Amino acid sequence: MDNSLNGRKALVTGGASGIGAACARALAARGAKVVVADVDASGAAALADELGGTAWTVDLLDTEALGALSLDCDILINNAGIQKVAPIEEFEPAEFRRILALMLEAPFLLIRAALPHMYANGFGRIINISSVHGLRASAYKSAYVSAKHGLEGLSKVTALEGGERGVTSNCINPGYVRTPLVERQIADQARLHGIPEAEVLAKVMLTESAVKRLVEPEEVASLAAWMASDDAGMVTGASYTMDGGWSAR
Ligand SMILES: NC(=O)c1ccc[n+]([C@@H]2O[C@H](COP(=O)([O-])OP(=O)(O)OC[C@H]3O[C@@H](n4cnc5c(N)ncnc54)[C@H](O)[C@@H]3O)[C@@H](O)[C@H]2O)c1
């Protein structure tokens, strides 16, 4: 058994589903105590039970409350996210602000809440689940691409500030991953691009990728677990793509 994260406490946001759930499982399998943080109370509780961890029911859009928070985790995975596809001229301003709040402001507030404990211990791992859309743009995703590009900047600043205090900060940049978030997008993409749903994968999602398949959540989780380990101590301020070659173009 891999015990490389024994004794570590991890917090995974959006941990009830998709990539977050896979990360929670991978960290627990390596010995970490995991807090599954999600607005989905029953999903978080079920996974926490399975992993012998703890559930934290939290709406990360309540950024006011996050400002007063203090966290005692050694590993923080900023993962919770949502998607909305619409042309800019039809994009609801409130929806744009919501996506920025959840996917950029909340990660800032959680990092801010976690750093004092990490600095006191001389160890910390911040892992930001960004996207190939943190490095590249796609039409109709103004809020998502803006939030992920912002997260890239936040991650690098965290790396610079934490470098001499044992704290690393990195991004993981997957292409399309097989999760409910992607399944929910297929109908919208079909409508916007004027094609049948069955053609969305080949004609929209995998056009740029050299490897013509979706990423599996477990593949992302395996990279996150390595980034959380002692082996990755010299990896910071980096953005690791797992996009089947999309960003090689
Ligand atoms: N699926 C992909 O193709 C893909 C690709 C690249 C990056 N990502 C990123 O990975 C992350 C996870 O995506 P996923 O595909 O696993 O999505 P998902 O929809 O399967 O899971 C997202 C989780 O976030 C939780 N969440 C949503 N709003 C919340 C809130 N206000 N407060 C607390 N929790 C909230 C949901 O309840 C859900 O459990 C996101 O940041 C996403 O941008 C996904």
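Conventions adopted
Residues numbered from 1 in each chain as written. Predicted model: local features only at pLDDT ≥ 70, side-chain atom pairs only at ≥ 80, totals over all residues. Heavy atoms only, no water. Buried < 20%, exposed > 50% of the residue type's maximum accessible area, 1.4 Å probe, protein only. Helix = DSSP H or I, 4+ residues; strand = E, 2+ residues; numbered from the N terminus. Arc of directions from axis to C-beta. Phe/Tyr/Trp six-rings, centres within 6.5 Å; stacked < 30°, edge-to-face > 60°. Lys NZ or Arg CZ within 6 Å of the ring centre and 35° of its normal. Pairing = 2+ DSSP bridges. Right-handed = clockwise from strand over helix to strand, strands pointing away. 1 Å grid on protein atoms, 1.4 Å probe; cavity = no way out; pocket = protein on both sides within 12 Å on 5 of 7 lines; lining within 4 Å. Points joined across faces, edges and corners; volume = space filled by probe spheres on them. Nonpolar A, V, L, I, M, F, W, Y, C, P; charged D, E, K, R; others polar.

Focus: helix 2 (residues 41-51)
For helix 2, every residue scored as buried is listed here: Gly43, Ala44, Leu47 and Ala48. Projected down its long axis, helix 2 carries its buried residues within an arc of 125 degrees, all on one side. In this structure, helix 2 carries Ser42 and Asp49 as exposed residues pointing more than 90 degrees from its buried face. Looking at the residues trailing helix 2, positive phi occurs at Gly52, about 65 degrees.

Brief notes about the packing of aromatic side chains
Tallied over the full model, the rule gives 3 aromatic pairs. Plain terms: the ring middles of Phe91 and Phe96 are 6.4 Å apart, the flat faces sit at 80 degrees to each other, and that makes the pair edge-to-face. Residue Phe91 is classed as buried on the basis of its relative accessible area, which comes to 9%. The residue whose ring lies beneath Arg8 is Phe123, and the NZ or CZ to ring-centre distance is 3.5 Å. Just above the ring of Tyr119 sits the side chain of Arg165; from NZ or CZ to the centre is 3.8 Å.

So, the pairing of strand 3 (residues 54-57)
As paired strands, strand 2 (residues 33-38) and strand 3 are joined by 4 bridges and run parallel to one another. Looking at strand 3, one finds that Val36 is bridged to Ala55. Where the polypeptide runs from strand 2 across helix 2 and back to strand 3, its parallel neighbour, the crossover connection is right-handed.

Let's talk about empty space enclosed by the protein
One pass over the full model with this rule turns up 1 cavity of 30 Å³ or more. Surrounding the largest cavity, 13 residues form its lining, Asn78, Asn79, Ala80, Leu102 and Pro107 being those nearest its centre. Elements represented by at least two residues in the lining of the largest cavity include exactly helix 4 (93-121) and helix 5 (142-162). Broken down by element, the residue count for the lining of the largest cavity peaks at 5 residues, all from helix 4. Its residues assigned to classes, the lining of the largest cavity shows 9 nonpolar, 3 polar and 1 charged.

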